[in-house]
Amino acid sequence: MKYIVHKFFIILLLLTGADFLLCGTCTGEDGENIKSFRIGFSRSLFTNVNENDAKASIRAWAKAIADEYNIDADPSARIFTNFQDIRQALIDRQIDSIALQFEEYLDISGNFETEHWFLTRTSGKLYEEYVLLAPVNGKIKYFEDLKGNNLILHNSFRTSLAVYWLKSILKGRDIRYNDLETNVEITKVGNISKAVLSVFFGKVDACIVTNSGFNTMVELNPQIGRKLHVIMKSPSLIPAIFCFRKNFDSPQKEKILTAFRELHTTIAGQQVLTIFQAEALVEVKETDLLTTKNFILEARKLP
């Protein structure tokens, strides 16, 4: 079975196209003009996703879920190449909501207020953990053993904070990140299966992947869990987030929020979540973002 990655990005992409009746400026029940709901995405979320396929999926699911809610939205989501453009689009009210990597969110939220923050729940968890894996009977027993060996890194938006995690591990050790890069051969791959199986078959000494992805592979092939073990595990972090601009005001705002909160309660919504191996889209409080925010800020201080 092929392991499906990028759950967060795809679900949000489908949600924005599928939960809303696509049109331009529409008329509400009382005859007033309602401006279409507009959403943006950071291109950093497209690491290993075919952009055209993702957009086609929006159209395919649109009518099925639009029947659940009477919401009007712009049919074409905007895609931004950098956080400066995202911030400006929010300031100019060109978009009402945005899906992006957490680090980009952190840079934007420094001088622009957001609200209604959403994360995906997978296997009962809202956060992501990274794991450093190596063969049980291999030569990598501790983090320091990486020196002089090779490491493969699963490269996706879900592992966007992995380098910061590496830096945090190095803190207090007599190793700088630049020294690590010099003494460890680091390879990045876009497929988590390739990363894990490369270590499993002895082609690479160790790898860093998401814990949720590793657990899924172990469920599919228990032998992976017996042959590989976790050297280190990161704290629970938020790799990506979906949020609204705080000054977004629309007659259909509450219906939009309800559609997001109740995605898992509708038949069409359950189908989307099941296909992409997620359980729900969950709204969190701003205080729930502090751990990841402080983690990044501390990691940025490291050389």
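I will try to describe carefully the structure that is included in this document. As the structure is a prediction and not an experimental result, all values here were calculated from the model.

What counts as what
- Residues numbered from 1 in each chain as written.
- Predicted model: local features only at pLDDT ≥ 70, side-chain atom pairs only at ≥ 80, totals over all residues.
- Heavy atoms only, no water.
- Helix = DSSP H or I, 4+ residues; strand = E, 2+ residues; numbered from the N terminus.
- Core = buried A, V, L, I, M, F, W, Y, C linked by side-chain atoms within 4.5 Å.
- Buried < 20%, exposed > 50% of the residue type's maximum accessible area, 1.4 Å probe, protein only.
- Pairing = 2+ DSSP bridges.
- Axes fitted to C-alpha atoms, helices over the stretch in contact; angles between N-to-C directions.
- Contact = heavy atoms within 4.5 Å.
- Left-handed = near helix turned anticlockwise from the far one by under 90°.
- Nonpolar A, V, L, I, M, F, W, Y, C, P; charged D, E, K, R; others polar.

Side note on unusual backbone geometry
One non-glycine residue, Arg 93, adopts positive backbone phi at about 60 degrees. Residue position: Arg 93 is located in the loop between helix H3 (83-91) and strand S7 (97-101). One non-glycine residue, His 116, lies in the positive phi region at around 50 degrees. Summarising the element assignment, His 116 is placed in strand S8 (residues 114-121).

Some details on the nonpolar core
Core analysis: the biggest nonpolar cluster contains 42 residues, and Ile 98, Tyr 105, Leu 132, Leu 146, Ile 208, Ile 241 and Leu 289 have the highest contact counts within it. The leading source of residues in this core is helix H5 (residues 162-170), at 6 residues. Counting residues in each nonpolar core, the second largest holds 19 residues, with Phe 37, Phe 157, Phe 244 and Ile 256 among its members.

Digging into the sheet that holds strand S4 (residues 39-42)
Strand order in the open sheet formed by 6 strands is S6-S4-S7-S14-S8-S15, and the pairing between neighbours is mixed. Bordering the open sheet on either side are strand S6 (78-80) and strand S15 (280-284), each of which pairs with just one other strand. On average, each strand axis in the sheet is tilted by 25 degrees relative to the strand beside it, whichever way the strands run. Here S8 pairs with S15 via 5 bridges, running antiparallel. Among the inter-strand pairings, Thr 120 is bridged to a residue of S15, identified as Leu 281. Contacting S4, S6, S7 and strand S14 (240-245), H3 crosses the sheet at an angle of about 135 degrees to S6. Its contacts with the sheet place helix H4 (residues 102-109) against S4, S7, S8 and S14, and it is angled at close to 125 degrees to S7.

Notes on the side chain of Thr 292
Along the chain, Thr 292 falls in helix H12 (residues 290-300). Look at Thr 292 and you get buried, because its relative accessible area is 1%. With residues near it in sequence (within four places) discarded, Thr 292 still touches Phe 102, Leu 161, Ser 236, Leu 237 and Ile 238.

Details of the packing of H5 against H12
Two elements in contact, H5 and H12, have axes whose closest approach is 9 Å; the angle formed by their N-to-C orientations is 65 degrees. The two elements H5 and H12 meet at a crossing, and its hand is left-handed. For the pair H5 and H12, the contacting residues are Tyr 164, Trp 165, Lys 167 and Ser 168 in the first and Phe 295, Ile 296, Ala 299 and Arg 300 in the second. By residue class, the composition of the contact of H5 with H12 is 5 nonpolar, 1 polar and 2 charged.

Quick notes on helix H8 (residues 211-220)
Of the residues making up H8, those classed as buried are Asn 211, Gly 213, Phe 214, Thr 216 and Met 217. In the core, the buried residues of H8 are packed alongside strand S9 (130-135), helix H7 (192-200), strand S12 (206-210), helix H9 (222-227) and strand S13 (228-233).

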